[in-house]
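# Structural overview for review
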Amino acid sequence: MVNLKINGIEVSVPEGSTILQAAKVANVRIPTLCYLKGVQCVGSCRMCLVEATGARGLVAACVYPVSEGMEVRTNTPKVRKSRKTTIELILSTHKKKCLSCVRSMNCELQKLALEYNAEEDRFGTDHDLKPIDDLSASVVRDNSKCIMCTRCVAACNLQTVGVIGPKHRGYAKVIGSPFDVSLAHTSCVNCGQCVVACPVGALYEKSNIADVWGAIVNPEKKVVFFTAPSVKATLGEAFGLPVGTNVEGKMVSAIKQLGDVKCFNMDVTADLTIMEEAHELLHRIMNGGVTPMFTSCCPGWVKFAEHYYPEFLPNLSTCKSPQEMFSAVLKTYYCQKEGIKPENLYVVSVIPCTAKKFEITRDELGHYTDAAITTRELAKMIKEAGIDFANLADGEYDTPFGVASGAGAIFGATGGVMEAALRTAAYVLGGKGAPIEFKEVRGVRGVKEAEYTVGGSTVKVAVAHGLGNARKVLEQIKSGKKDYTFVEVMACPGGCINGGGQPYVHDEIRNSIDLKTVRAQALYDHDSDSKYRCSHETPAIEMLYKEFLGKPLGERSHQLLHTTYTPRDKY
Ligand code: SF4
Ligand code: SF4
Ligand code: SF4
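I will try to describe carefully the structure that is included in this document. Computed from a predicted model, the values in this text were never measured in an experiment.

The helix and strand tally for the chain stands at 19 helices and 18 strands. Here the C-alpha coordinates of the chain stretch approximately 75 × 55 × 50 Å along the principal axes. Computed over 66 positive and 62 negative side-chain charges, the separation of the two mean positions in the chain equals 5 Å.

This next bit is on the pattern of salt bridges. Evaluation of the coordinates by the stated rule reveals 31 salt bridges. The shortest N-O distance in the salt bridge between Arg519 and Glu237 comes to 2.7 Å. Highlighted residues: Arg519 in helix α17 (residues 515–529) and Glu237 in the loop between β11 (222–227) and α7 (248–256), separated in sequence by 282 residues. Taken as a pair, Arg519 and Glu237 share a single burial class, namely buried.

The 4 strands lie next to each other as β12-β11-β14-β15, forming an open sheet whose pairing is parallel. Looking at strand neighbours, the two that pair on one side only are β12 (261–265) and β15 (371–374), the edges of this open sheet. This sheet shows a mean twist of 25 degrees between the axes of neighbouring strands, independent of strand direction. One ladder, built from 5 bridges, connects β11 with β12; its direction is parallel. Across the sheet, Val224 pairs through a bridge with Lys262, a residue of β12.

The next subject is the sheet that holds strand β18 (residues 486–490). Strand order in this open sheet of 4 strands is β13-β18-β17-β16, and the pairing throughout is mixed. Strands with a single pairing partner mark the edges of an open sheet, and in this sheet they are β13 (293–294) and β16 (447–454). The pairing of strand β17 (residues 457–465) with β18 spans 5 bridges and is classified as parallel. Within β18, the position partnered with Ala462 by the bridge is Val487. Lying on the sheet, helix α14 (residues 416–430) is in contact with β16, β17 and β18; it crosses β18 at an angle near 150 degrees.

When a strand is regular, its side chains alternate between the sheet's two faces. Sheet analysis places strand β3 (residues 49–52) next to strand β4 (residues 59–60), joined by 2 bridges and oriented antiparallel. By the bridge assignment, Leu49 is partnered in β4 with Ala60. From the end of β3 to the start of β4, which pair antiparallel, there are 6 residues, and Gly54 there has a positive phi angle of about 90 degrees. Sheet analysis places β3 next to strand β5 (residues 71–73), joined by 2 bridges and oriented antiparallel. Counterpart to Ala52 in the pairing with β5 is Val72.

Moving on, we get to the site of ligand 2. Around ligand 2 there are 13 residues in total, and Cys146, Cys149, Thr150, Cys152 and Cys198 lie nearest to it. Looking at the shell around ligand 2, its residues break down into 11 nonpolar, 1 polar and 1 charged.

Cut-offs used in this document
Residues numbered from 1 in each chain as written. Chains lettered and ligands numbered in written order. Predicted model: local features only at pLDDT ≥ 70, side-chain atom pairs only at ≥ 80, totals over all residues. Heavy atoms only, no water. Helix = DSSP H or I, 4+ residues; strand = E, 2+ residues; numbered from the N terminus. Lys, Arg positive; Asp, Glu negative; His and termini not counted. Charge placed at Lys NZ, Arg CZ, Asp CG, Glu CD. Salt bridge = Lys/Arg side-chain N within 4 Å of Asp/Glu carboxyl O. Buried < 20%, exposed > 50% of the residue type's maximum accessible area, 1.4 Å probe, protein only. Pairing = 2+ DSSP bridges. Axes fitted to C-alpha atoms, helices over the stretch in contact; angles between N-to-C directions. Contact = heavy atoms within 4.5 Å. Near = heavy atom within 4 Å. Nonpolar A, V, L, I, M, F, W, Y, C, P; charged D, E, K, R; others polar.

Structure representation (structure tokens):
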């Protein structure tokens, strides 16, 4: 351990720690901009400069190591002046359209500018506006607001996609893709991890809010929303509630106050996905089909496989994602049942995910979803409607797609799809009394492995979250070092609870708690409190198979609930 003082507070931290880590232990806040825990630590923005004995000049706390007896001062006049100047220099090239910016009131630069009384125009303004890239179905880049922190680049590199980086030199330097092509024309997988890493309004999702408001006031349209499993665990953050608060009831009430709309629960088609996927897995095992089978509910992972590992496409489950299963069921079964023409039903999915915005544009999925809005977009709509979210009474989902299982809910966390599928596979093979909890696949380790005996057969499973971890698993399978039966992959670190469409969380919170773990716990609590723990038990699933689908992997399921994949080039 190394002993030092920060602002006079004695602290003891492991050798090799940085001043920033030691300050956290001492409960002293040092502002950061380019630093993001688990994503990037390069000491380039100079916001975290501090005075430290033994150092020449100010040092960057995020990268400077502690030493025995060191005394650190984080708020001297010299430090404050330096930070103020840094912010003013950043502002000199920043498009300061703060009032209408997507990040206004939630911008890390704006917050620091206020804290340090930075002057907007001290170094003049360089409003050489750069083109906005909005050709992608999911992500918009406005480089006139970019502060060159490179957090987005680090996030994309962690995903081992790496389609963005710094280009040119000096004042001409911008972040973009090679040869100035739009992000839409690269092998970007639309995961949005760059968006949630960005501290300012330079990256944001392609918004569908105007389309949804338009449908709500269109008398010819019946509008139905359905909400993805993880949204209940994150939406509250956009209204100041603590991270990890389950706001399912308030969320349903708020959606119903947006207009004459119905609100369904996407956990129902997470259950449906499990019914199809668990039966597909058993079918592959029993009939010598291609294994390991990979999950296919994450469109970020699916596009990654199409670009980078097309040789594994036969291994992907043919199941559509819960979003696409829900929309297909609504535009067929639900429309027939309710006497609605499919073209008059406007289907809105509320998702944690920017990749699902791309997913709805895929021809092979039938274009059943009309709009996909992120958790952030839903929060914006609720605010635009003037709804007092925090004080709403709990509402209930509409029938017949309201009640789902806890297995459907845990879909939103890494390992959740695997555990849900194992519950149903174990039941199909072992009947009543089959195990419910498979805790080895829970948690935030990058790759989780386990071996289970299901109905007398040994099933070797792996769970990877974050595409860098997925790549490791794929390479090990390719080289013959690993052999699995079933593999779950989610593109975002932690799964959908940490998706690219989730509420922005400032670096100082992200740097002090593990968002993934706290948000996931809300879903596991929801699961343990659920009346039904397994996908095959719920009334909605029973009804769907009895009245419409027949049986898992039946003819109608194949038409509506399964899909195909296409190899894509790498750019
Ligand atoms: S959306 Fe994902 S893959 Fe695309 S640029 Fe951003 S981080 Fe990279
Ligand atoms: S787009 Fe955002 S995250 Fe990327 S470098 Fe610019 S400011 Fe940083
Ligand atoms: S992990 Fe979830 S949020 Fe992230 S890309 Fe996949 S489906 Fe979307």
